[in-house]
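# Working through the structure, step by step
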Amino acid sequence: MIPVMRPVLGEEEAQAAAEAVRSGWVAQGPRVAAFEEAFATRVGAAHGVAVSSCTTGLHLAVHLLGIGAGDEVVVPSLSFIATANAVRYTGATPVFADVDPDTGNLTADTVKAVLTPRTRAVMVVHQAGVPADVEELRALCDPLGVDVIEDAACAAGSTYRGFPVGTGALLAAWSFHPRKLLTTGEGGMVTMDREEWAVRGRRLREHGMSVSAADRHKGGAAVVEEYLETAFNYRLTDIQAAVGLVQLGRLDGIVARRRELAARYHGLLADVPGLRMVRDPEHGTTNYQSFWVRLPDDSPLERNDVLAGLAERGVSARRGIMASHLEPAYRGHPRGDLPVTEDLTRRTLILPLFHDMTTGEQDTVVDALKAALGLPVATGGVR
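This write-up is about the structure you can find in this document. (Residues numbered from 1 in each chain as written. Predicted model: local features only at pLDDT ≥ 70, side-chain atom pairs only at ≥ 80, totals over all residues. Heavy atoms only, no water.)

## Some points on the overall build of the protein
What counts, and what does not: Runs of H or I in DSSP of at least four residues are treated as helices and runs of E of at least two as strands, each being numbered from the N terminus. Every radius of gyration here is taken over C-alpha atoms, with the globule rule written as 2.2 Å times N^0.38, N being the number of residues. Note on classification: 1.4 Å probe, protein chains only; a residue is buried when its accessible area is under 20% of the maximum for its type, exposed when over 50%, partly exposed between these limits. By the convention used here, residues are in contact when the closest approach between their heavy atoms is within 4.5 Å. Surface exposure here means Shrake-Rupley accessible area, sampled with a 1.4 Å probe, where a residue is shielded only by the protein chains that are shown. Under the convention used here, Asp and Glu are negative, Lys and Arg are positive, and both His and the chain ends fall outside the count. For this purpose, a charge sits on NZ of Lys, CZ of Arg, CG of Asp or CD of Glu.
When helices and strands are tallied, the protein shows twelve helices and 14 strands. Its C-alpha atoms give the protein a radius of gyration of 22 Å, within 12% of the compact-globule value 21 Å for 383 residues. Principal-axis analysis of the C-alpha atoms places the extent of the protein at approximately 75 × 55 × 40 Å. With 383 residues in all, the protein has 56% of them scored as buried. Within the protein, residue pairs in contact and separated by at least 24 positions form 71% of the contacts whose partners lie at least 6 positions apart. Carbon and sulfur atoms form 52% of the exposed surface of the protein, whose accessible area is close to 15,700 Å². For the protein, the centre of its 38 positive side-chain charges and the centre of its 47 negative side-chain charges are spaced 3 Å apart.

## Overview of the layout of surface pockets
Gaps left between atoms are located by rolling a probe of water-molecule size over the structure's atoms. For clarity, the cut-off: Both site types are read off a 1 Å grid over the protein atoms alone. A 1.4 Å probe that fits but cannot get out defines a cavity, while an open set with protein on both sides within 12 Å along at least five of seven lines defines a pocket; lining residues have an atom within 4 Å of a point. Grid points are joined across faces, edges and corners, and a volume is the space filled by probe spheres set on the points. Ten residue types, Ala, Val, Leu, Ile, Met, Phe, Trp, Tyr, Cys and Pro, are classed as nonpolar, four, Asp, Glu, Lys and Arg, as charged, and the remainder, Gly among them, as polar.
Of the pockets and cavities examined, the largest pocket occupies roughly 660 Å³. Lining of the largest pocket is provided by 30 residues; of these, Phe80, Gln127, Cys154, Lys180 and Gln289 occupy positions nearest its centre. Element by element, the count of residues in the lining of the largest pocket is highest for helix H3 (residues 54-64), at three residues. When grouped by side-chain class, the residues that make up the lining of the largest pocket number twelve nonpolar, twelve polar and six charged.

## Concerning the nonpolar core
Definition in use: Only buried residues count toward a nonpolar core. Its members are Ala, Val, Leu, Ile, Met, Phe, Trp, Tyr and Cys residues joined through side-chain atoms within 4.5 Å.
Residues Phe39, Trp174, Tyr265, Leu269, Phe291, Leu310 and Leu351 are the most contacted members of the largest nonpolar core, which totals 80 residues. In terms of residue count, helix H9 (residues 238-268) provides more of this core than any other element does, nine residues in total. Setting aside anything within four residues of it in sequence, one finds Phe39 in contact with Trp174, Phe176, Leu182, Met189, Thr191 and Leu248. Residues Val51, Val62, Ile81 and Leu204 belong to the second largest nonpolar core, which totals 36 residues.

## A closer look at the packing of aromatic side chains
Convention followed: Two rings from Phe, Tyr or Trp (for Trp, the six-membered ring) form a pair when their centres sit within 6.5 Å of each other. Planes less than 30 degrees apart are called stacked, planes more than 60 degrees apart edge-to-face, and all others tilted. Lysine NZ or arginine CZ positioned within 6 Å of the ring centre and within 35 degrees of the ring normal marks a charge as sitting over the ring.
Applying the stated criterion across every chain, the model contains eight aromatic pairs. When the ring of Phe39 is compared with that of Phe176, the centres are 5.3 Å apart and the planes differ by 80 degrees; the resulting orientation is edge-to-face. Of the two residues, Phe39 is situated in helix H2 (residues 30-42) and Phe176 in the loop between strand E8 (171-175) and strand E9 (188-192); the sequence distance between them amounts to 137 residues. In this structure, Phe39 and Phe176 share a single accessibility class: buried. Consider the rings of Tyr288 and Phe291, whose centres lie 6.0 Å apart with planes at 25 degrees: the pair is stacked. When its relative accessible area of 0% is taken as the criterion, Phe291 is described as buried. Put simply, the rings of Phe35, Phe39, Trp174 and Phe176 pair up and form one aromatic cluster. When the ring centre of Tyr330 is taken as reference, the NZ or CZ atom of Arg88 above it lies at 3.7 Å.

## Section: the pairing of strand E12 (residues 291-294)
Applied cut-off: Only strands that DSSP links by at least two bridges are regarded as paired with each other.
The side-chain alternation of E12 yields two buried faces, one formed by Phe291 and Val293 and the other by Trp292 and Arg294. Examined bridge by bridge, strand E10 (residues 276-277) and E12 share two bridges and lie antiparallel to one another. The partner of Arg276 across the bridge, within E12, is Arg294. When E12 meets strand E14 (residues 348-351), the two strands line up antiparallel, connected through four bridges. By the bridge assignment, Trp292 is partnered in E14 with Ile350.

## Here's the deal with empty space enclosed by the protein
Here the structure, examined in full by the defined rule, presents one cavity of 30 Å³ or more. Considering only enclosed or pocket space, the largest cavity measures out at about 50 Å³ in volume. If you go around the largest cavity, the residues you meet are Leu78, Gly104, Trp292, Ile321, Leu344 and Thr348. Taken together, the residues that form the lining of the largest cavity break down as four nonpolar, two polar and no charged.

## A look at the side chain of Glu36
Operational definition: Between N or O atoms, a polar contact is any pair within 3.5 Å; within protein, one atom must be a potential hydrogen donor and the other a potential acceptor, and residues adjacent in sequence are included only when both atoms are from side chains.
Position of Glu36 among the secondary structure elements: in helix H2. A residue is classified by how much of its surface remains accessible, and Glu36, at 5% relative accessible area, is buried. Within the structure, the side chain of Glu36 is placed 2.8 Å from the backbone nitrogen of Ala50, a separation counted as a polar contact. Those residues in contact with Glu36 that lie beyond four places of it in its chain are Gly48, Val49, Ala50, Met189, Arg202 and Arg205.

## Section: the packing of H9 against helix H12 (residues 359-372)
For the record, the criterion: Here an angle of 0 to 180 degrees is reported between the N-to-C directions of two axes, which are lines fitted to C-alpha atoms, with helices fitted over the stretch in contact. Left-handed describes a crossing in which the near helix is turned anticlockwise from the far one by less than a right angle; the clockwise case is right-handed.
Running from amino to carboxyl end, H9 crosses H12 at an angle of 35 degrees, the nearest separation of the two axes being 11 Å. The hand of the H9/H12 crossing is right-handed. Facing Leu261, Arg264, Tyr265 and Leu268 of H9, the residues of H12 in contact are Thr359, Gln362, Asp363, Val365, Val366 and Lys370. Split by residue class, the contact of H9 with H12 holds five nonpolar, two polar and three charged.

## A word on unusual backbone geometry
Trans peptide bonds make up most of the peptide bonds, and negative phi angles are found at most residues other than glycine. For Ala128, which is not glycine, the phi dihedral falls at a positive 55 degrees. Mapped onto the fold, Ala128 is located in the loop between strand E4 (119-125) and helix H6 (134-141). Of note, Arg161 is a non-glycine position whose phi angle comes to about 50 degrees, a positive value. Mapped onto the fold, Arg161 is located in the loop between strand E6 (159-160) and strand E7 (163-164).

## So, the packing of helix H1 (residues 11-23) against H9
Each pair of packed helices can be described by the angle between their axes along with the distance between the axes. Note the threshold: Should an angle fall under 35 degrees it is called roughly parallel, over 145 degrees roughly antiparallel, and 65 to 115 degrees roughly perpendicular, with every other angle called oblique.
The contact between H1 and H9 brings their axes to 8 Å, and the two run at 150 degrees. On the basis of the axis angle, H1 is roughly antiparallel to H9. When you trace H1 past H9, the crossing you get is right-handed. Two secondary-structure elements touch here, H1 through Glu12, Glu13, Ala16, Ala17, Ala20 and Val21 and H9 through Asp238, Ile239, Ala242, Val243, Val246, Gln247 and Arg250. Class assignment for the residues of the contact of H1 with H9 results in eight nonpolar, one polar and four charged.

This is how it looks when you write it as structure tokens:
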């Protein structure tokens, strides 16, 4: 079975993790600090706060803004459910906005349609690595005193207007889950330019301690810490950070390979009438964290039937991006009409794309998709 994704992990990551274990420092420590600095530099931010996941990073970002009960945060429903859940964790209300049909991202128009006097922030997702037009959103939100948080879970290696996604972000949260280009197994990061937020963010991720465990142990003198506020346990480990530092060095090569494979998909599938494929927007470049396609309007099969047909031919594909408002957890949650969101979640699927994918495997995926759609396919793998 051809997998939908396979992380790029090798002997360097294994050695880095082993060195962390042998050092005796396996919890949050010096490698975490080094990873924070290196990752923040890579995405054009002044500071990074490593956390246990992107979900906890999003929660931390909303918490740092003082958002809570009675406040509203605009989010796309077309996103992994963690985007909306992170708002709920604070007691605030997620308000679902529709998205652009080509990028799957929020736009100024879709956000403007759901703003209210209670809106405190907009959480824009760079969906599947496709950069959202954040300048457009800031132009709408800044005069209203509405903050823009970036859910950059999938966007490491993507660019926006010639700079890495995350450059200039008020707060951006990142994921290092194995489905992402850069992985530490689990883990995440929050990046920002404000030093006071970085200081407080590091305190909040570690139970609100006035002195971190790492600083307490390396100081030599007896230190009695204080717990300054009710906080969380959102720490990353040095073992994970050691892997992350190696992965960060691979990022440019991973992005280049994925874009090469995506370009080949575009060529091989160009003759499928009505099939729409994810592409670079005018304002940036995508890392192709996922290669999603929208099925033709006249497709004889529903999306789930196409997925089943691919599986029968040895191809593991996935449904497209979920719509949170259609999940049981948000049943009864107030919302307006979300026609584009519902169309994309119903008619899109994600094709396999991974670093060491061979041309033969890619040909198999293309032939399987065409066969599932009742179209002629190449014979003998000759193209």
